[in-house]
Amino acid sequence: MTRLLSLLAAFLHGLRQAVMDLTRPDPGAERLVPPTGTGVWLTVFAAGSMGFLSVFALSLSLSAGHLADRWADALARTSTIRIDATGEDGRQQTDAVLRLLETTPGIASARAMSDEEERALLAPWFGNDLPLDTLPIPQLVEVTEEGNGYDSEGLRQRLAAEAPGAVLDDHARWRQPLAAAALRLRLLGWAALTLILGTTGVIITLAANASLASNAQVLRVLRQIGAQDGYIARAFVRRFTLRTLFGSTAGIATGLVVLLLIPSQTGSGEFLTGLGLSGGDWLLPWLVPVIAAAVAFTATRVAAFRTLNGLP
């Protein structure tokens with residue numbers, strides 16, 4: 001426990017020192033890092049591009065999960081019974097099914113769907129002028145669950161005995177693929193975000209190495225006159241971290257504006273309804289600049305000390 005507290009105290013001290021180094025410039029050390037040049041634009045552009053892409057990675061992960069959750073919730077408490085019989089036999093089986101459902105525990109309500117409702121269900125595939133009177137369309141009974149639901153296997157056995165033409169669909173075959181798809185899309189979004197941050201770290205490391213290499217002679221002189229490696233590295237870390245923070249913030253802002261301009265649904269359907277960010281999700285992208293800055297801080301610090309340790 002004591003060791004854990006000491007490690008936590010050391011971490012907090014290091015974090016406090018890092019924040020002070022980033023917010024408190026040293027004019028002398030700042031002259032070590034070129035304020036303009038290819039390295040500056042490379043760092044800012046890379047951070048901005050990665051921030052822009054991270055908005056859409058987060059949007060994919062969050063919105064796909066929300067969409068699948070809504071679909072799963074819509075199917076979770078309902079079931080459908082299909083009665084394939086027609087004519088008088090169909091009406092008798094429908095009445096038998098409704099009577100059976102009234103005495104089944106876990107069922108809140110059950111009703112036979114009207115021709116208009118069935119026509120609306122089939123309209124996306126067959127059009128609005130489907131002649132139900134001349135086609136052998138099965139009767140559908142909508143079932144709404146309550147509490148812990150009903151025993152689906154027991155209900156199937158009772159239907160087979162009292163209404164042989166009735167088939168129960170508890171929507172499990174729809175819910176499970178939706179849950180699996182939501183999980184895969186979430187993992188895809190977070191994996192893309194991880195790759196984006198990793199790529200940012202690689203680019204920042206390359207830019208920092210280039211800047212360090214171009215100032216190698218100055219670094220040798222500074223070490224010869226007594227400058228500490230921490231003092232020298234601090235200038236590079238601060239400059240590249242702030243560049244990354246600025247670039248990623250600009251990229252996030254641009255990505256959010258573009259996301260706002262993208263319509264959330266198509267003109268003829270609702271398949272894309274809800275795609276995008278909503279509610280508190282809009283705050284999550286603003287964590288990316290902080291994470292990107294932390295990645296840049298670590299990458300630049302490692303690169304700086306590796307270069308300094310390699311100097312004669």
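Residues numbered from 1 in each chain as written. Predicted model: local features only at pLDDT ≥ 70, side-chain atom pairs only at ≥ 80, totals over all residues. Heavy atoms only, no water.

A few points about the overall build of the chain
Item 1. Secondary structure summary: the chain contains 10 helices and four strands in total.
Item 2. In the chain, the share of contacts with a sequence separation of at least 24, taken over all contacts with a separation of at least 6, comes to 83%.
Item 3. Carbon together with sulfur atoms contributes 64% to the accessible area of the chain, which is approximately 18,000 Å² in total. (Helix = DSSP H or I, 4+ residues; strand = E, 2+ residues; numbered from the N terminus. Contact = heavy atoms within 4.5 Å. Areas by Shrake-Rupley, 256 points an atom, 1.4 Å probe, with all protein chains shown as cover.)

As for the confidence of the model for the chain
Item 1. Here the chain averages 76 in pLDDT, while 75% of its residues score no lower than 70.
Item 2. In the predicted structure, residues 266-273 sits below a pLDDT of 50 and forms nine contacts with residues beyond four places in sequence or in another chain. (pLDDT = per-residue confidence, 0-100.)

A closer look at the sheet that holds strand β1 (residues 78-83)
Item 1. With respect to topology, four strands assemble into an open sheet ordered β2-β3-β1-β4, the strand pairing being antiparallel. Looking along the sheet, the strands with just one partner apiece sit at the ends: β2 (107-112) and β4 (166-169). Taking each pair of neighbouring strands and ignoring which way they run, the sheet shows an average axis angle of 20 degrees.
Item 2. Looking at chain direction, β2 and strand β3 (residues 139-145) are connected through five bridges and run antiparallel. (Pairing = 2+ DSSP bridges. Axes fitted to C-alpha atoms, helices over the stretch in contact; angles between N-to-C directions.)

Remarks on the packing of helix α8 (residues 216-224) against helix α9 (residues 229-261)
Packed helices, taken two at a time, are described by their axes: the angle between them and the distance between them.
Item 1. One way to put it is that α8 packs onto α9 with a least axis distance of 10 Å and a crossing angle of 145 degrees. Contacts between α8 and α9 involve Leu 219, Leu 222 and Arg 223 from the first element and Asp 229, Ile 232 and Phe 236 from the second.
Item 2. Across the contact of α8 with α9, the residue classes break down as four nonpolar, no polar and two charged. (Nonpolar A, V, L, I, M, F, W, Y, C, P; charged D, E, K, R; others polar.)

What about the environment of Thr 86?
Item 1. Mapped onto the elements, Thr 86 comes out in the loop between β1 and α4 (87-102).
Item 2. Each C-alpha atom, one on Thr 86 and one on Ile 137, is 8.1 Å from the other, the two residues being 51 residues apart in sequence.

Quick look at a nonpolar patch on the surface
Item 1. Side chains of Leu 60, Leu 185 and Leu 188 sit close together on the surface and give an oily, nonpolar patch of about 230 Å² of accessible area.
Item 2. Inspection of the secondary structure puts Leu 60 in helix α3 (residues 38-76). (Patch = residues over 30% accessible without salt bridge, like charges linked within 9 Å, V, L, I, M, F, W, Y side chains within 5 Å. Salt bridge = Lys/Arg side-chain N within 4 Å of Asp/Glu carboxyl O.)

Notes on helix α10 (residues 287-310)
Item 1. With 24 residues, α10 should cover 34 Å at 1.5 Å per step; its first-to-last C-alpha distance of 35 Å lies within 8% of that length.
Item 2. Turning to α10, its buried residues are Val 288, Pro 289, Ala 292, Ala 293, Ala 296, Ala 299, Thr 300, Ala 303, Ala 304 and Leu 308. (Expected span 1.5 Å × (residues − 1). Buried < 20%, exposed > 50% of the residue type's maximum accessible area, 1.4 Å probe, protein only.)

A word on the pattern of salt bridges
Item 1. What the rule picks out here adds up to three salt bridges.
Item 2. A salt bridge links Asp 84 to Arg 82; its shortest N-O distance comes to 3.0 Å.
Item 3. Residue Asp 84 is classed as partly exposed on the basis of its relative accessible area, which comes to 42%.
Item 4. One salt bridge in this structure joins Glu 142 and Arg 111, with 3.2 Å as the shortest N-O distance.

Let's talk about the pairing of β4
Item 1. The alternating pattern of β4 places Ala 166 and Leu 168 on a buried face and Val 167 and Asp 169 on a face that is not buried.
Item 2. Of the strand pairs in this sheet, β1 and β4 are connected by four bridges, and their pairing is antiparallel. Pairing of Ile 83 across the sheet is with Ala 166, part of β4.

Things to note about the pairing of β1
Item 1. Where β1 and β3 come together, six bridges link them in antiparallel fashion. By the bridge assignment, Thr 78 is partnered in β3 with Thr 144.

A look at the side chain of Thr 78
Item 1. Mapped onto the elements of the fold, Thr 78 is located in strand β1.
Item 2. Beyond its immediate stretch of four places on either side in the chain, Thr 78 contacts Val 143, Glu 145, Asp 170 and His 171.

Overview of the packing of α4 against helix α6 (residues 152-162)
Item 1. Interaxial distance between α4 and α6 falls to 10 Å at its minimum, and their mutual angle equals 145 degrees. Considering the relative orientation of α4 and α6, their crossing is right-handed. Facing α4, whose interface residues are Ala 96, Val 97, Leu 100 and Leu 101, α6 presents Leu 155, Arg 158, Leu 159 and Glu 162.
Item 2. Each residue belonging to the contact of α4 with α6 can be placed in one class, and the counts come to six nonpolar, no polar and two charged. (Left-handed = near helix turned anticlockwise from the far one by under 90°.)

Thoughts on the environment of Ile 252
Item 1. Mapped onto the elements of the fold, Ile 252 is located in helix α9.
Item 2. Residue Ile 252 is classed as buried on the basis of its relative accessible area of 0%.
Item 3. Through-space distance from the C-alpha of Ile 252 to that of Ser 54 is 7.6 Å; in sequence the pair is 198 residues apart.
Item 4. If near-sequence neighbours (up to four positions away) are discounted, Ile 252 is found in contact with Gly 51, Phe 52, Ser 54, Val 55, Pro 285, Trp 286, Val 288 and Pro 289.

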